[in-house]
Amino acid sequence: MRLDNIQMSVANRQGPAVRAIPSVNNKITARDVNVYYATKRALKDINLDIEENRVTALIGPSGCGKSTFLRCLNRMNDTIDICRIEGQIQLDSVDIYAKAIDTVQLRARVGMVFQKPNPFPKSIYDNIAYGPRIHGLAQRGAEMDEVVRSSLERAGLWGEVKDRLKEPGTGLSGGQQQRLCIARAIAVSPEVILMDEPCSALDPIATAHIEELIDELRASYTIVIVTHNMQQAARVSQKTAFFHLGEMVECNDTEEIFTNPRDERTQGYITGRYG
Amino acid sequence: MTDLAQETVLRRSVYKSEAFEAQLRRRYRAERRFQLAGIASIAFAAVMLVVLLTTIVLNGYTAFWQSRFDVEVFFDPEAITPSGSREPAVLSAGDYPALVREALLAELPEATGRDGRRAVMEMVSSAAAYRLRDMVLAHPELIGTRLKVSLLASDNTDQFVKGHIPRAVSEDKRKVSDRQVEWIDRLTARGVLASHFSLDVLTQSNSRQPEQAGMWGAVIGSVMTMLVTLGMAVPIGVAAAVYLEEFAPKNRWTDIIEVNINNLAAVPSIVFGLLGLSMFLDFFGMPRSSALVGGVVLALMTLPTIIIASRAALKAVPPSIREAALGIGASPLQVVIHHVLPLAAPGVLTGTILGLARALGETAPLLLIGMVAFIVDVPGSLSDPSTVLPVQIFMWADSPERGWIERTSAAIMLLLAFLIVMNAVAVYLRKRFERRW
Amino acid sequence: MLSGLFLIGEREHMLSDLFFFIGEHGQPMQTTMLLTVIAVLTVVGYFLGRGRAVAIAGGRLSTLHSVPPYHGFFVALWAGVPALLLLAVWVSCEGPVIMSLVLAQLPAALIPTDHQALTLLQTDILNLAAGVSNGREPDPAVADAAGLYNTLHMVAESCLLALGSALAVAGLTLARRQIRGDLRARNRVEAALNVLLILCSLVAILTTVGIVLSLLFQAIQFFTMVPLTDFLFGLHWNPQTAFSGDVKGSFGAVPIFTGTLLITVIAMVVAVPIGLMSAVYMSEYAAPTVRSVAKPVLEILAGIPTVVYGFFAALTMAPVIRDVGTALGLEVSSQSALAAGVVMGIMIIPFVSSLSDDVINAVPQALRDGSYGLGATRSETIREIVLPAALPGIVGAVMLAISRAIGETMIVAMAAGLAANLTANPLAAVTTVTVQIAATIRGDQEFNSPKTLSVFGLGLVLFIVTLILNVIALRVVQKYREKYD
Ligand SMILES: Nc1ncnc2c1ncn2[C@@H]1O[C@H](COP(=O)(O)OP(=O)(O)O)[C@@H](O)[C@H]1O
Ligand SMILES: [Mg+2]
């Protein structure tokens, strides 16, 4: 029943878009990644390639390590004292865990959007301007105004907020807040955007908005999205990776995964037997 | 769309530029400066603590050593009892300073004339004569005999021996004359004058002379005051906490009580002194300077702390325990007394100890209710005039003689020792009974 | 042998020291006796009540509504509480009643009309009655009055003993008679305990009321002598000259307020940045090992009594500041505001840091993640996201710290002066509200000199200012907490 639904949504999608993108460069490659929280092993020998200018969805039951993996990709796990990472992750063929790599620079190139919208307690304008300002991407004034405008436009929020840029970002609705967070991430022009269940706190209409947005952003960004919602994975992604108990069980084209899963755990999950 | 894409690509290239690298270095420098400011702040606090404690200990430990003259005293019948009577009244009126003088002059024969004798007598404490008198009163058979006695040196002598009065300044700038310096050196070399370990600073009661002053009276005063505080603040505080946490309906009145308690906790302590003065002393006519009033004032001051801590402890007891007890037919009061309070007891106790530790170090309100009076007697009852350690410290610190500095510091060492013990007990209790439900 | 004994066990006595004997209100024997009687009867009542309940049940305890100990408590309460209430009422009314009786006996000519002189006369009578002489030969009529006072006092005390004991016995017997199998003893006892609990929780309210009343009462008396405006806006504080007539011009509190303000500002300049940075470092940077050292350091600083800080300020800090100042060619008072302010700042560092620590930890991790995710460094995140987000809480913490500094007494009493200088120079000596209060009042005041009463004016201002600061600060902090809960 559920599988049917998903297959429907895969089928209904404007299919050719996938094939319209010629690039199959691997933007990120993860090799034998193991992550430990203190002694607990949260990820086991993960090998995964993230292709450039595509949307890759990470799915799997709660607690299987999707967020952990996502946070490895921009070294957000560095902020957790007890977290330890083994293995290799390369961004454009450069090991991001190498000594010479600077997390500030890395995170500017690999942006992140979180599960719960987390606008800063500042004005909408300052929320967007914060990143460009600390990285020195734009001068205060007209140049910054332009960055703020274009970021909000790309996040599809400009029309709704252009008259209230000085109001606090926390005053927006949940969906608007999440688009604000996406705009905030876009404002520093990252190459990769990581999204950890960006719609799980949102209502269906706001979710539809964000999904549209993701589809548009794909043209200039590589996107990795964690989602609980398989229809969503099917709708927005071109590649899907299925995680289970800290292992990456299967990664394939989204259509393939949902129509013809190789592993029976994947099959079990997408048919709703567990998870 | 393509414009935007191009712009994005353009901006991304910034991250690989020289300028960005340079800026990054600047940002990391700012980062280090910020972190350094944090370290410096903590270091400042730590250094200040160390400086404070070492000043106190370095100034205070010498109070446990006192200079004495070990001299042979002739208990001259002529001076003690010219009439030959052995009546205590006669004996206590004897000329004991003369005995002290003669004993010292025997060691310093060149001290002649009025000036010389006065200079000699300046070197011993007035306590020396009282000591001889007490010896005679206790053992009249000493009269007419010779006995080696240890006589307390005066404050100036003591401070000079300890090096607190500098030798290298001109005579008119120091409290000990050149002649006395020479005598002190000679007597020290001969072993007559020496520093002895002494706990008098703890065991004696107060005095106007620094070399004789001890803090025993203040310790007893502190103990009695704390007993009153404990006896009043704990039952009332715990009862109030139990009511507010377990029984009180949530309405305007209990809200007012709650806000009131929080604000009372932040009222300056000296205001409680004014309350004690005009309420307890003036209005109720309670005994001034007494441990009773002091204890009551401190109890009112500590009450909010105890209530807040006890409520937190009660709140931490899970509702399931109350439900279980209610389920077997216990009345709400029985539930609290038999089940909740025992579980909350460690938390209540910890809060109580911390509250008392604060009260023990409190000074200002006690000044206002007259616990600053100079009191020699060790208080015998709650209504006797008494003082407490911190007030004693305040009074000693206010006195000019050099000897008070070491006495004050020693008193502070004792007060801090009490506080450390109390806090250690509180920490132990918290660790020992820490429970995660 | 003997000499050795004396060498070891030496104890100096201090007859030379003046005994500073302070008038003692003799603890009346009868009150103590009555308390003993009540205590005994309460205990006896408990056992009688319990025994009777057991006897009534005759082995079948289930026939009782409440278990026997509750019957015991029931009787004990009836034996103790009414008698104690009588004692309390009696003790609080006795003095005034007897005094009015005594005054009624005095010849009318001796009774002064104005309030102050009357108070003075009453004090004289009380002192005479207690056997404390004020050195003057007393008026024979007053001496008689004192004698009468003592007689009446003795009579009253004896009456109290008799009445109180009778009441306790009556309560005990009546309650014992009430004991039956279906007596709801437990409910009665619990109701009584409930009342007790309520009374206990009212003590805090009563304390506040007591503070407000005693401050207001005396302060209003003061403001009848010195107009409020002269007090609040006058520029000269010199209570000593008040005796020579110029009462109004001697109580201008502005120099005291500015002195308090100056020292508070200095303390905050030290405490706020250092306390805040310590908190930031501890919660955002410090490794657990560093934290396990730094936290106790701050806790110890917080636990040191203020009198110790005062000693440190006077003994160590003030000379250091003066020497440094002199070396720089500045003129530094030996009781400079700077020394007191800096040490007060040190004292308040742990206060600011522990409050800020709470506040900073309440900032959700999500905000930090959002900032790190954009590539911000730690310090950028703290300065631009965490601290602004925590600002309301920090403002609340600083307000509480200011209130603390304003109300702090011992440091300023020991390291700042009494000179009411109107200056903003931190190297000069200034005085504060609390110093004035502590220096003026020593427990033995007559409540009729403007100098004594002025202290209550100052106390009232101190209470109001700190109360306003606390109320606002607690509100702000609470609102802030709710925002991130
Ligand atoms: N900060 C952390 N500390 C300790 N364990 C963690 C932490 N974050 C996640 N984990 C553990 O790691 C595992 C994977 O968690 P996560 O990556 O959040 O799963 P998912 O996002 O797939 O639901 C879980 O078992 C979780 O308990
Ligand atoms: Mg997750």
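The following refers to the structure shown. Since this is a predicted model, take the numbers as computed values, not measurements.

Cut-offs used in this document
- Residues numbered from 1 in each chain as written.
- Chains lettered and ligands numbered in written order.
- Predicted model: local features only at pLDDT ≥ 70, side-chain atom pairs only at ≥ 80, totals over all residues.
- Heavy atoms only, no water.
- Patch = residues over 30% accessible without salt bridge, like charges linked within 9 Å, V, L, I, M, F, W, Y side chains within 5 Å.
- Areas by Shrake-Rupley, 256 points an atom, 1.4 Å probe, with all protein chains shown as cover.
- Salt bridge = Lys/Arg side-chain N within 4 Å of Asp/Glu carboxyl O.
- Lys, Arg positive; Asp, Glu negative; His and termini not counted.
- Charge placed at Lys NZ, Arg CZ, Asp CG, Glu CD.
- Helix = DSSP H or I, 4+ residues; strand = E, 2+ residues; numbered from the N terminus.
- Axes fitted to C-alpha atoms, helices over the stretch in contact; angles between N-to-C directions.
- Left-handed = near helix turned anticlockwise from the far one by under 90°.
- Contact = heavy atoms within 4.5 Å.
- Nonpolar A, V, L, I, M, F, W, Y, C, P; charged D, E, K, R; others polar.
- Pairing = 2+ DSSP bridges.
- 1 Å grid on protein atoms, 1.4 Å probe; cavity = no way out; pocket = protein on both sides within 12 Å on 5 of 7 lines; lining within 4 Å.
- Points joined across faces, edges and corners; volume = space filled by probe spheres on them.
- Disulfide = S-S within 2.5 Å.
- Buried < 20%, exposed > 50% of the residue type's maximum accessible area, 1.4 Å probe, protein only.
- Near = heavy atom within 4 Å.
- Polar contact = N/O pair within 3.5 Å; in protein donor to acceptor, adjacent residues only side chain to side chain.

1. Description of a positive patch on the surface
And then number 1: A surface patch of like charges, here positive, comprises B:R25, B:R26, B:R29, B:R32, B:R33 and C:R383.
And then number 2: Examining the composition of the positive patch, we find that five residues originate from one element, helix 2 (residues 18–60) of chain B, more than from any other.
And then number 3: Take B:R33: it is sitting in helix 2.

2. Concerning the packing of helix 12 (residues 365–373) of chain C against helix 13 (residues 378–407) of chain C
Residue and element names in this part refer to chain C.
And then number 1: Where helix 12 contacts helix 13, the two axes come as close as 10 Å, and the packing angle between them is 145°. Helix 13 is crossed by helix 12, and the crossing has right-handed handedness. Of helix 13, the residues touching helix 12 (which contributes L367, R368, S371 and Y372) are R378, T381, I385, V386 and A389.
And then number 2: In the contact of helix 12 with helix 13, the residues fall into five nonpolar, two polar and two charged.

3. Topic: the sheet that holds strand 4 (residues 83–91) of chain A
All names here are of chain A.
And then number 1: Strands sit in the order 2-1-4-5 across an open sheet of four strands; the sheet is antiparallel. Since the sheet does not close on itself, it has two edges, and those belong to strand 2 (40–51) and strand 5 (94–95), each with one partner.
And then number 2: As defined by bridge partners, strand 4 adjoins strand 5 across two bridges and the pair is classed as antiparallel. In the sheet register, L91 faces strand 5, and the bridge partner there is V94.

4. Side note on empty space enclosed by the protein
And then number 1: Scanning all chains against the criterion turns up two cavities of 30 Å³ or more.
And then number 2: Taken as a whole, the largest cavity holds about 50 Å³ of empty space.
And then number 3: Taken together, ten residues make up the lining of the largest cavity; nearest its centre are A:S150, A:R154, B:E7, B:T8 and B:R11.
And then number 4: Broken down by secondary-structure element, the contributors of at least two residues to the lining of the largest cavity are helix 6 (142–154) of chain A together with helix 1 (2–14) of chain B.
And then number 5: Ranked by the residues each element gives to the lining of the largest cavity, the list is headed by helix 1 of chain B, at four residues.
And then number 6: Within the lining of the largest cavity, the residues separate by chemical class into three nonpolar, four polar and three charged.
And then number 7: Considering the residues around the second largest cavity, the lining is formed by C:T260, C:I263, C:T264, C:M344, C:A405, C:I406, C:E408, C:V412, C:T432 and C:T434.
And then number 8: If you list the elements that add at least two residues to the lining of the second largest cavity, you get helix 8 (254–285) and helix 13 of chain C.

5. What to know about the sheet that holds strand 8 (residues 222–226) of chain A
All names here are of chain A.
And then number 1: Spatially, six strands are ordered 6-7-8-3-9-10 in an open sheet, and the strand pairing comes out mixed. In this open sheet, the two edge strands, each paired with only one partner strand, are strand 6 (110–113) and strand 10 (247–253). Strand-to-strand twist across the sheet, computed as the mean angle between neighbouring axes with direction ignored, equals 15°.
And then number 2: In this structure, strand 9 (residues 239–244) lies alongside strand 10, joined through six bridges in antiparallel fashion. In the sheet register, H244 faces strand 10, and the bridge partner there is E247.
And then number 3: Contacting strand 3 (55–59), strand 6, strand 7 (192–196), strand 8 and strand 9, helix 3 (residues 66–73) crosses the sheet at an angle of about 155° to strand 7.

6. Describing the state of the cysteines
Here, the word disulfide means a covalent bond between the sulfur atoms of two cysteines.
All names here are of chain A.
And then number 1: Counted by the stated rule, this structure contains zero disulfides over all chains.
And then number 2: Of all cysteine sulfurs, the one in C83 lies closest to C72, which takes part in no disulfide; the gap is 6.2 Å.
And then number 3: Residue C72 is classed as buried on the basis of its relative accessible area, which comes to 0%.

7. Brief notes about the site of ligand 1
Residues and elements named next belong to chain A.
And then number 1: Near ligand 1, the surroundings consist of Y37, K40, A42, S62, G63, C64, G65, K66, S67, T68, I80 and I82.
And then number 2: A distance of 3.4 Å separates a nitrogen atom of ligand 1 from a polar side-chain atom of Y37.
And then number 3: Between ligand 1 and the protein, one listed contact pairs an oxygen atom with a side-chain N or O atom of S67 at 2.6 Å.
And then number 4: Against a free-state accessible area of 550 Å², the protein chains account for coverage of 66% of ligand 1.
And then number 5: When contributions to the shell around ligand 1 are tallied by element, the ones reaching two or more residues are strand 2 and helix 3.
And then number 6: Take the shell around ligand 1: its biggest share by element is three residues, from helix 3.
And then number 7: Looking at the shell around ligand 1 residue by residue, the class counts come to five nonpolar, five polar and two charged.

8. Description of the side chain of B:D384
All names here are of chain B.
And then number 1: Topologically, D384 is positioned in the loop between helix 17 (364–368) and helix 18 (389–398).
And then number 2: Despite its burial, D384 remains without a salt bridge, the nearest opposite charge being carried by R288 at 13 Å.
And then number 3: Looking at D384, its side chain comes within polar contact range of the main-chain nitrogen of G380, at 2.8 Å.

9. Some points on the environment of A:H209
Residue and element names in this part refer to chain A.
And then number 1: Counting through the fold element by element, H209 comes out in helix 9 (residues 204–217).
And then number 2: Using a relative accessible area of 35% as the deciding quantity, one classes H209 as partly exposed.
And then number 3: Linking H209 and N47, residues 162 residues apart in sequence, is a C-alpha distance of 32 Å.

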